[in-house]
Amino acid sequence: MKTDYKKLNQLTNREVEVITLMAKGKSNREITEKLHITRTTLLTHMKAIYTKLGVNPVQKWDKSAIRVRAVLKWLEITKGLKIED
């Protein structure tokens, strides 16, 4: 678990905002609108999140599954932590 907290500490504040919104079930469009960022910027943050949390696509078509795995990893690491809106 200590290693997982290291992963959490690697995330930037913006990446934490993004993964928190992903965990709340927000779509990419909703996230870009809420954070006032472009789709390209969002995808860059998501790629960084996946890398830092150690979740990578098994196959190129694995786009939705990687999002789910990242959110599950995030929830596992932050279990018991208060995540503010």
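See the structure shown above.
Residues numbered from 1 in each chain as written. Predicted model: local features only at pLDDT ≥ 70, side-chain atom pairs only at ≥ 80, totals over all residues. Heavy atoms only, no water.

**Student:** How do you make sense of the environment of V55 when you look at a structure like this?
**Tutor:** Structurally, V55 is set in the loop between α4 (39-53) and α5 (63-78). C-alpha separation for the pair V55 and I66, spaced 11 residues apart in sequence, amounts to 6.6 Å. The residues touching V55, leaving out its near neighbours within four places in the chain, are Y50, I66, R69, A70 and K73. (Helix = DSSP H or I, 4+ residues; strand = E, 2+ residues; numbered from the N terminus. Contact = heavy atoms within 4.5 Å.)

**Student:** Even after reading the chapter, I still don't get the pattern of salt bridges, so can you show me in this structure?
**Tutor:** Two side chains that carry opposite charge are able to pair once their charged atoms sit near each other. Counted under the stated rule, the structure contains 3 salt bridges. For E15, the salt bridge identified is with K52, shortest N-O distance 2.8 Å. Here K52 lies in helix α4 and E15 lies in helix α2 (residues 13-23), a separation of 37 residues in the sequence. (Salt bridge = Lys/Arg side-chain N within 4 Å of Asp/Glu carboxyl O.)

**Student:** Mind showing me how you'd approach the nonpolar core here?
**Tutor:** Among soluble globular proteins, nonpolar side chains are generally buried collectively. One finds L11, V18, I19, M22, I31, Y50 and L53 to be the most contacted residues of the largest nonpolar core, which totals 20 residues. Mapped onto this core, the elements with two or more residues apiece are α2, α3 (28-35), α4 and α5. Discounting chain neighbours no more than four positions away, the residues touching L11 are V16, I19, I49, K52, L53 and W74. (Core = buried A, V, L, I, M, F, W, Y, C linked by side-chain atoms within 4.5 Å. Buried < 20%, exposed > 50% of the residue type's maximum accessible area, 1.4 Å probe, protein only.)

**Student:** Quick question: what am I supposed to make of the packing of α2 against α3 here?
**Tutor:** Packed helices, taken two at a time, are described by the angle between their axes plus the distance between the axes. Following both chains from N to C, one finds α2 and α3 inclined at 140 degrees, their axes separated by 10 Å at the closest point. Considered as vectors, α2 and α3 are oriented oblique to each other. In this structure, the crossing between α2 and α3 has a hand that is right-handed. Of α3, the residues touching α2 (which contributes R14, E17, V18, L21 and M22) are I31, K34 and L35. Residue composition of the contact of α2 with α3, grouped by class: 5 nonpolar, no polar and 3 charged. (Axes fitted to C-alpha atoms, helices over the stretch in contact; angles between N-to-C directions. Parallel < 35°, antiparallel > 145°, perpendicular 65-115°, else oblique. Left-handed = near helix turned anticlockwise from the far one by under 90°. Nonpolar A, V, L, I, M, F, W, Y, C, P; charged D, E, K, R; others polar.)

So, to be careful, I would describe these as geometric facts and stop short of saying anything about function.
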